[in-house]
Amino acid sequence: MRTVNFGYILQVVAAEKAEPPLKIMISGAPASGKGTQCELITQKYGLVHISAGDLLRAEIASGSENGKLAKEFMEKGQLVPDDIVVMMVKDRLSQTDSEQNGWLLDGYPRSSSQATALKGFGFQPDLFILLEVPEDILIERVVGRRLDPVTGKIYHLKYSPPETEEIAARLTQRFDDTEDKAKLRLKTHNQNVSDVLSMYDDITIKIKGNRSKEEVFSQIDTALSQMLQQRNTSPSSLSS
Ligand SMILES: Nc1ncnc2c1ncn2[C@@H]1O[C@H](COP(=O)(O)OP(=O)(O)O)[C@@H](O)[C@H]1O
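Just so it is clear, the model here is predicted, and its values are computed rather than measured.

**Some thoughts on the site of the ligand**
Alright, step 1. Neighbouring the ligand are 20 residues; K34, R57, Q78, R110 and Q114 lie closest to it.
Alright, step 2. Here R110 contributes a side-chain N or O atom positioned 2.4 Å from an oxygen atom of the ligand.
Alright, step 3. R145 is positioned such that a nitrogen or oxygen atom in its side chain is 3.5 Å from an oxygen atom of the ligand.
Alright, step 4. Of all the elements, helix α3 (residues 52-61) adds the most residues to the shell around the ligand, at 4 residues.
Alright, step 5. In the shell around the ligand, the residues fall into 9 nonpolar, 4 polar and 7 charged.

**Quick look at the packing of aromatic side chains**
Alright, step 1. Scanning all chains against the criterion turns up 2 aromatic pairs.
Alright, step 2. Ring centres of W103 and F123 lie 6.5 Å apart, and the angle between their planes is 70 degrees; on these two criteria the pair is classed as edge-to-face. With W103 in strand β3 (residues 103-106) and F123 in the loop between α7 (112-120) and β4 (127-132), this pair connects stretches of sequence that are 20 residues apart. Side by side, W103 and F123 carry an identical accessibility label, which is buried.
Alright, step 3. Pairing F128 with Y200 gives two aromatic rings, centres 5.0 Å apart and planes at 10 degrees, and the pair type is stacked. Of this pair, F128 sits in strand β4 while Y200 sits in the loop between α10 (179-199) and β7 (204-208), and the two are 72 residues apart along the sequence. Of the two residues, F128 and Y200, both sit in the buried class.
Alright, step 4. The side chain of K153 reaches across the aromatic face of Y155, ending 5.7 Å from its centre.

**Looking at a nonpolar patch on the surface**
Alright, step 1. On the surface, a cluster of nonpolar side chains totalling about 430 Å² of accessible area is made up of V4, F6, Y8 and I9.
Alright, step 2. Residue placement: Y8 occurs in helix α1 (residues 6-17).

**Side note on α3**
Alright, step 1. The complete set of buried residues in α3 reads A52, G53, L56 and I60. All buried residues of α3 project into a common sector of 100 degrees when viewed along the axis, lining one side.
Alright, step 2. Where the residues of α3 are buried, they touch β2 (48-51), α4 (65-75), α5 (82-93) and β3.
Alright, step 3. Trailing α3 by a residue or two, G63 shows a phi angle of about 80 degrees, which is positive.

**Some words on the sheet that holds β2**
In a beta sheet, neighbouring strands pair by backbone hydrogen bonds and run either parallel or antiparallel.
Alright, step 1. On the basis of which strands lie adjacent, the open sheet formed by 5 strands has the order β2-β3-β1-β4-β7 and parallel pairing. In the strand order of this sheet, the two ends are held by β2 and β7, each with one partner. If you compare each strand with its neighbour and ignore which way they point, the axes differ by 20 degrees on average.

**Remarks on unusual backbone geometry**
Alright, step 1. The omega angle of the peptide bond from Y108 to P109 is 0 degrees, so this bond is cis rather than trans.
Alright, step 2. Even without a glycine there, the phi angle at A31 is positive, about 65 degrees.
Alright, step 3. Relative to the helices and strands, A31 is located in the loop between β1 (23-28) and α2 (34-45).
Alright, step 4. Among the residues examined, A31 registers a relative accessible area of 11% and is labelled buried.

**Quick word on the side chain of R185**
Alright, step 1. Mapped onto the elements, R185 comes out in helix α10.
Alright, step 2. Each residue touching R185, except ones within four places of it in the same chain, is listed here: P30, G77, V142, R145, R174, D176 and D177.

**With respect to the pattern of salt bridges**
Alright, step 1. In the structure shown here, the tally under the stated rule is 17 salt bridges.
Alright, step 2. Ionic pairing is found between D97 and R92, a salt bridge with its closest N-O pair at 2.7 Å.
Alright, step 3. Taking the relative accessible area as the measure of exposure, R92 reaches 18% and is therefore buried.
Alright, step 4. The salt bridge involving D148 is made with R170; its shortest N-O contact spans 2.7 Å. Taken together, the residues D148 in the loop between β5 (145-147) and β6 (154-156) and R170 in helix α9 (residues 165-170) connect sequence positions 22 residues apart.
Alright, step 5. Salt bridges here are not isolated pairs; linked through shared partners, they connect R145, R174, D176, D177 and R185.

**Looking at the nonpolar core**
Alright, step 1. With 28 residues, the main nonpolar core has L56, V89, L93, L105, Y108 and L118 as its most contacted residues.
Alright, step 2. When residues of this core are traced back to their parent elements, those giving at least two are β2, α3, α4, α5, β3, α7, β4 and α10.
Alright, step 3. Residues L22, I24, I207 and M227 belong to the second largest nonpolar core, which totals 18 residues.

Rules of the game
Along every chain, residues carry numbers that run from 1 in the direction the sequence is written. Local features in a predicted model are, by the rule used here, given only for residues with pLDDT of at least 70; side-chain atom pairs are given and counted only at 80 or more, and totals for whole chains, interfaces and linings are based on all residues. To obtain the side-chain values, all non-hydrogen atoms of the structure were used and water was disregarded. To be near a molecule or strand, a residue needs just one of its heavy atoms within 4 Å of it. What qualifies as a polar contact is a pair of N or O atoms within 3.5 Å, subject to a donor-acceptor requirement within protein and to the restriction that residues adjacent in sequence count only when both atoms come from side chains. Segments assigned H or I by DSSP are reported as helices when at least four residues long, segments assigned E as strands when at least two residues long, and all are numbered from the N terminus. Amino acids outside the nonpolar list (Ala, Val, Leu, Ile, Met, Phe, Trp, Tyr, Cys, Pro) and the charged list (Asp, Glu, Lys, Arg) are all regarded as polar, and Gly is one of them. Here a pair means two rings of Phe, Tyr or Trp (six-membered ring of Trp) with centres within 6.5 Å. Their orientation is stacked below 30 degrees between planes, edge-to-face above 60, and tilted elsewhere. Burial classes: relative accessible area under 20% of the type maximum marks a residue as buried, over 50% as exposed, and values in between as partly exposed (1.4 Å probe, protein chains only). Any Lys NZ or Arg CZ that is within 6 Å of a ring centre and within 35 degrees of that ring's normal is treated as a charge sitting over the ring. Patch membership needs two things, relative accessible area over 30% and no salt bridge, and members are linked within 9 Å if like-charged or within 5 Å if nonpolar (Val, Leu, Ile, Met, Phe, Trp, Tyr). Throughout, the Shrake-Rupley method with a 1.4 Å probe supplies accessible areas, and for residues the shown protein chains are the sole cover considered. Criterion for a salt bridge: a side-chain nitrogen of Lys or Arg within 4 Å of a carboxyl oxygen of Asp or Glu. Read the arc as the range of directions from the helix axis to the C-beta atoms. Note on contacts: a residue pair is in contact if any heavy atoms of the two residues lie within 4.5 Å. Note on pairing: DSSP must find at least two bridges between two strands before they are called paired. To define axes, lines are fitted to C-alpha atoms, for helices over the stretch in contact only, and angles between the resulting N-to-C directions are given on a 0 to 180 degree scale. Definition used in this section: a nonpolar core is a set of buried Ala, Val, Leu, Ile, Met, Phe, Trp, Tyr and Cys residues joined via side-chain atoms within 4.5 Å.

See the structure below:
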């Protein structure tokens, strides 16, 4: 008589019942707090953080032709052409870790054509987070922003200074974090944000970003945990 492997069957059933992982987009003007909030969100929810800006900086560091071309646009605070950015992001979203753990897409889409392209590949977010911060605060944040190349942690010389002298000594500044370049990036953001929002207006939450990082995260955390709760009590999960 064949023995039934109930353990395997339970695993299959559990896998089928498992909720699909969260898919989140976070958007906002330069220095609106996307990177800082992504650190906190990924720590708590285990999503894969995919930053279009980081992918582009890695491309520049690799010395590739695309990287060289991308840097020309980034130096001017302009959007890097879709034919470079779209495939980079689509390929990263398609990787197993993003599919299994869910993704937190940072700084993409930045135009309606990018949003349409991603939708064409079958990527649709559950939630679109827009961080909103007054422009004068943004400029002050950009010029004081520093990065720790060892940990990837983001600091601000005035608002979030490094914990030790050792960290302070190794901090770097992004080549596009000057006041002039920040104003160009801000102009680019303002030119595109309403087109992008119109693509996700039914799943968008707007969050005031001019508060402590903890207060901003608390509002995002509430939205994400409510979303997970709704999923677990939604008719589909009850019936399945
Ligand atoms: N989705 C995108 N499409 C085109 N260019 C992008 C995109 N995301 C980032 N970039 C380029 O990289 C630069 C840095 O982006 P990012 O690291 O997200 O910083 P920030 O959001 O603070 O401007 C942008 O100014 C732009 O030139």
